[in-house]
Amino acid sequence: MKAIILGLLLSVIIVTGCSNAAYDLDEAVAVLEGEEIQAKDVLTLYPLDDEGIRNFVLGEVLVQESKNMGIFISEKEIESNKTALYPGLEPQEIYETLPEEEKAFYEEQAEVLDVTPEDYYEIWLDAHHTHSAYIQAYTTKVIFNTDLEEDINLMDPEDLEMMDQRIDDHMNELMELYKQSGKLTVM
């Protein structure tokens, strides 16, 4: 389950491509429960385009929802997740092992944020694993821990597609609920 959700998040990055629009890094792109989300915040995970902004804001909404439900992910757990795939390696060592086509994303983001690609990768790694941990906890508690009307086999592509659609629908409804209630304004 964890691998599926993390895979989906990583695929969003690859699919989104690298298209940072011309924003001032300190410009607010959204306001979530009175707190500004700035362009530079989005850049920690995604390109600065409509889809990147939406994905980042959705991640922040899910972090907020998780915390409101009493879910708190410890720094120790986040650190454990960061090192799970590459035990014993530092983020900069992991970055060096990445394929060149993957590095292009980190290089572009680093240039926009005026940091080295290795430093950006470390920023991204922390933000990614923080969002991922909360998203996984939220979806486990809200989506998979509910009474499902049917038996779901996550190894079956049709069931997996159905669950992906269910998750996507839920996320869209949650974003709309936040917007309608005034908790979220996207610029």
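Here the residue index of a chain counts from 1 through its sequence in written order. Selection of residues for local features in this predicted model requires a pLDDT of at least 70, selection of side-chain atom pairs for listing and counting requires 80 or more, and totals for whole chains, interfaces and linings are taken over all residues. Only hydrogens and water are set aside when side-chain values are computed; all heavy atoms of the structure are taken into account.

Peer 1: Just to check I follow, could you spell out the overall build of the protein for this structure?
Peer 2: Summing up its helical and strand segments, the protein has 8 helices and 3 strands in all. Going residue by residue from the N terminus, the α and β elements of the protein occur as α-β-β-α-α-α-α-α-α-α-β. For every residue, the accessible area (1.4 Å probe, protein chains only) is compared with the maximum for its type, and the residue is labelled buried under 20%, exposed over 50%, or partly exposed between those bounds. For the protein, buried positions account for 38% of its 187 residues. Sequence separation of 24 or more characterises 66% of the internal contacts of the protein that already satisfy a separation of 6 or more. Counting from the N terminus, the helices are the DSSP runs of H or I reaching at least four residues and the strands are the DSSP runs of E reaching at least two. The criterion used for residue contact is that any of the two residues' heavy atoms lie within 4.5 Å.

Peer 1: Looking at this model, I keep getting lost on the packing of helix 3 (residues 50-68) against helix 7 (residues 117-144). Mind explaining?
Peer 2: Each pair of packed helices gets described by two things: the angle between the helix axes and the distance between those axes. With axes taken as lines fitted to C-alpha atoms, and helix axes fitted only over the stretch in contact, angles between N-to-C directions fall between 0 and 180 degrees. For the pair helix 3 and helix 7, interaxial distance at closest approach is 9 Å and the crossing angle is 60 degrees. Considering their axes alone, helix 3 and helix 7 lie oblique with respect to each other. Classified by chirality, the crossing of helix 7 by helix 3 is left-handed. Across the interface between the two elements, Phe56, Gly59, Glu60, Leu62, Val63, Glu65, Ser66 and Lys67 from helix 3 touch His131, Tyr134, Ile135 and Tyr138 from helix 7. Under the grouping applied here, Gly and all other residues not named as nonpolar or charged are polar, the nonpolar ones being Ala, Val, Leu, Ile, Met, Phe, Trp, Tyr, Cys and Pro and the charged ones Asp, Glu, Lys and Arg. When grouped by side-chain class, the residues that make up the contact of helix 3 with helix 7 number 6 nonpolar, 3 polar and 3 charged. Here roughly perpendicular refers to angles of 65 to 115 degrees, roughly parallel to angles under 35, roughly antiparallel to angles over 145, and oblique to all remaining angles. Handedness of a crossing follows from how the near helix is turned relative to the far one, being left-handed for an anticlockwise turn of less than a right angle and right-handed for a clockwise one.

Peer 1: Got a minute to help me understand the sheet that holds strand 1 (residues 28-32) in this structure?
Peer 2: Strands belonging to one sheet form pairs held by backbone hydrogen bonds; the direction of such a pair is parallel or antiparallel. In space, the 3 strands of this open sheet follow the order 2-1-3, with antiparallel pairing throughout. The sheet is open, and its two edges are formed by strand 2 (35-38) and strand 3 (184-186), each paired on a single side. Put simply, the sheet's adjacent strands are angled 20 degrees from each other on average, direction ignored. Pairing geometry for strand 1 and strand 2, over 4 bridges, is antiparallel. Each bridged residue has a counterpart across the sheet, and for alanine 28 the counterpart in strand 2 is glutamine 38. Strand pairing follows a simple DSSP-based rule, namely that at least 2 bridges must link the two strands.

Peer 1: Sorry if this is basic, but what is going on with the packing of aromatic side chains here?
Peer 2: By convention, a stacked pair of Phe, Tyr or Trp rings (six-membered ring in the case of Trp) has centres within 6.5 Å and planes under 30 degrees apart, an edge-to-face pair has planes over 60 apart, and any other such pair is tilted. Following the criterion strictly, the structure yields 8 aromatic pairs and no others. Centre to centre, the rings of tyrosine 95 and tyrosine 121 are 5.7 Å apart; their planes meet at 50 degrees, and the pair counts as tilted. One end of the pair, tyrosine 95, is in helix 5 (residues 91-97); the other, tyrosine 121, is in helix 7, and 26 residues separate them in sequence. The same class applies to tyrosine 95 and to tyrosine 121, which are both buried. Taken together, a centroid distance of 5.9 Å and an interplanar angle of 25 degrees make the contact between tyrosine 121 and tryptophan 124 stacked. Taken together, the residues tyrosine 121 and tryptophan 124, both in helix 7 and 3 residues apart, mark about one turn of the helix. Tyrosine 121 gets classed as buried once you look at its relative accessible area, which sits at 5%. In this structure, lysine 103 packs its charged tip against the face of tyrosine 95, placed 5.1 Å from the ring centre. Each ring is checked for a lysine NZ or an arginine CZ that lies within 6 Å of its centre and within 35 degrees of its normal; such an atom marks a charge sitting over the ring.

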